[in-house]
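Overview (structure and organization)
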Amino acid sequence: MNESGAEKKEHCGVFAILGRQDASLITCFGLQALQHRGEEAAGIASTDGKRVFLHTGEGLVKELFAGFDFAERLPGYAAIGHTRYSVTGAPSAVNVQPLVVDLARGRLAIAHNGNLTNSVSLKKKMESEGAIFQSTIDTELILHLIARSKKHELKEAIVEALNQLEGSYSLVILTAEAVYAARDPHGFRPLVLGELKGVRMVASETSALDLVGANYLGEVKPGELLTLTKTQLTREPFTVPRPESSCIFELIYFSRPDSLVFDHSVYRFRKELGRTLALEAPVDADLVVPVPDSGFMAALGFAEETHIPFE
């Protein structure tokens, strides 16, 4: 629940990679595998180590980047991307992620999947102190918190910002020097780490790793901050441990069936749900039919358990 008492759900997709000169192209492929998480808008930010570039727009990934010259318009060795399903902000070009801002510490891009349950109080406090917001999404709040931090190092500012957030967030941040990835202390939304020939990447689901040929290295742990640079990957907790509370709808509905989410096979999980339903609520029927496509595996499990034909 948010601060107004209304329930909000969001299941956007994020992707990030560092260490390839075609980073933005790989990110585009990753976003295509995450298209089911948000079909309203998409965007990619990249860096060549000096500048941060951005391209965003409304529509599907394949439409937005059809005939796109990645080397010319999104050059660089690192990139982050986002597919959007709007919940906290209205459908609008200003709400499309990644968001890019110029801070005293340099240019920074951010992409976020989740919902901040303390967004209303944070925004009211910042506005009372003179802050100006360009969008209506809670992702911009994170940028303000980072910008307002008195910490000397950017990583310290990010950690300070994260510790002021409440709710769910799996996010990626891009600067000219590094990529940061973080997952909220409860692990509400998924975020996974992969590797392709020594190149590290993070994504909302393993389906994005599979599409680009990367190996799955495991989940980004709840309450963990990853820092990817040209020379190393560091992993460290940014807060004290909290009780884990993963979103069950990721396994039931949101995620692709060929993904591993929360270290569970989505396909097997949904199929077992169907088997369990057959045992708990048996029926006398002629056919088992999935409605809609997300119910396919559950229907298959139900049919196998009951021996009722699947169609």
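This report concerns the structure included in the present document.

Calculation criteria
Residues numbered from 1 in each chain as written. Predicted model: local features only at pLDDT ≥ 70, side-chain atom pairs only at ≥ 80, totals over all residues. Heavy atoms only, no water. Patch = residues over 30% accessible without salt bridge, like charges linked within 9 Å, V, L, I, M, F, W, Y side chains within 5 Å. Areas by Shrake-Rupley, 256 points an atom, 1.4 Å probe, with all protein chains shown as cover. Salt bridge = Lys/Arg side-chain N within 4 Å of Asp/Glu carboxyl O. Helix = DSSP H or I, 4+ residues; strand = E, 2+ residues; numbered from the N terminus. Expected span 1.5 Å × (residues − 1). Buried < 20%, exposed > 50% of the residue type's maximum accessible area, 1.4 Å probe, protein only. Arc of directions from axis to C-beta. Contact = heavy atoms within 4.5 Å. Core = buried A, V, L, I, M, F, W, Y, C linked by side-chain atoms within 4.5 Å. Phe/Tyr/Trp six-rings, centres within 6.5 Å; stacked < 30°, edge-to-face > 60°. Lys NZ or Arg CZ within 6 Å of the ring centre and 35° of its normal.

1. A closer look at a nonpolar patch on the surface
Together, Ile-248, Phe-249, Ile-252, Tyr-253 and Leu-273 give the surface a local cluster of nonpolar side chains, amounting to about 430 Å² of exposed area. Sorting elements by how many residues they give to the nonpolar patch places helix H8 (residues 248–254) first, with 4 residues. Among the secondary structure elements, Leu-273 is positioned in helix H9 (residues 266–280).

2. Quick look at H9
Working note: α-helix, 3.6 residues per turn, so residues spaced by three or four point in the same direction. Here H9 is 15 residues long and its end C-alpha atoms lie 21 Å apart, about the 21 Å a rise of 1.5 Å per residue gives. Those residues of H9 not exposed but buried are Val-266, Arg-270, Lys-271, Gly-274 and Ala-278. In an axial view of H9, the angular spread of the buried residues amounts to 135°, which keeps them on one side of the axis. Structural note: H9 exposes Arg-268, Leu-279 and Glu-280 on the side pointing more than 90 degrees away from its buried face. Buried-residue contacts for H9 involve H8, strand E14 (260–261), strand E15 (264–265) and helix H10 (296–306).

3. Here's the deal with the nonpolar core
Soluble, globular proteins show a tendency: their nonpolar side chains are buried together. With 29 residues, the main nonpolar core has Leu-108, Ile-146, Ile-158, Leu-162, Leu-165 and Ile-173 as its most contacted residues. For this core, the secondary-structure elements that each account for two or more residues are strand E5 (99–103), strand E6 (106–116), helix H4 (119–128), helix H5 (139–148), helix H6 (154–162), strand E7 (167–174) and strand E8 (179–183). Setting aside residues no more than four positions away along its own chain, Leu-108 makes contact with Leu-99, Val-100, Val-101, Leu-103, Leu-143, Ile-146, Leu-154, Ile-173, Leu-174 and Thr-175. Grouped together as the second largest cluster of nonpolar side chains are 27 residues, Phe-53, Leu-64, Phe-65 and Ala-203 included.

4. A few points about the environment of Leu-225
Within the element layout of this structure, Leu-225 appears in strand E12 (residues 224–228). Placed 77 residues apart in sequence, Leu-225 and Arg-148 show a C-alpha to C-alpha distance of 20 Å. When residues no more than four places from it in sequence are discounted, the contact partners of Leu-225 are Lys-155, Ile-158, Val-159, Tyr-180, Ala-181, Ala-182, Thr-234, Arg-235, Glu-236 and Phe-238.

5. So, H10
Along H10, the residues classified as buried are Met-297, Ala-299, Leu-300, Gly-301, Phe-302 and Ala-303. In the core, the buried residues of H10 are packed alongside H9. His-307 occupies a position one or two residues after H10 and carries a positive phi of about 65°.

6. Structural notes on the packing of aromatic side chains
Here the structure, examined in full by the defined rule, presents 6 aromatic pairs. Their ring planes at 80° and their centres at 5.2 Å tell us that Phe-65 and Phe-68 sit as a pair that is edge-to-face. Taking relative accessible area as the criterion, Phe-65 reaches 6% and is therefore assigned buried. Exposure remark for Phe-68: the relative accessible area of 11% places this residue in the buried category. Through a chain of ring-to-ring contacts, three or more aromatic side chains come together here, namely Phe-65, Phe-68 and Phe-70. When the ring centre of Phe-133 is taken as origin, the NZ or CZ atom of Lys-123, which lies over that ring, is 5.1 Å away. A cation over an aromatic ring shows up here: Lys-230 above the ring of Tyr-77, its NZ or CZ 4.6 Å from the ring centre.

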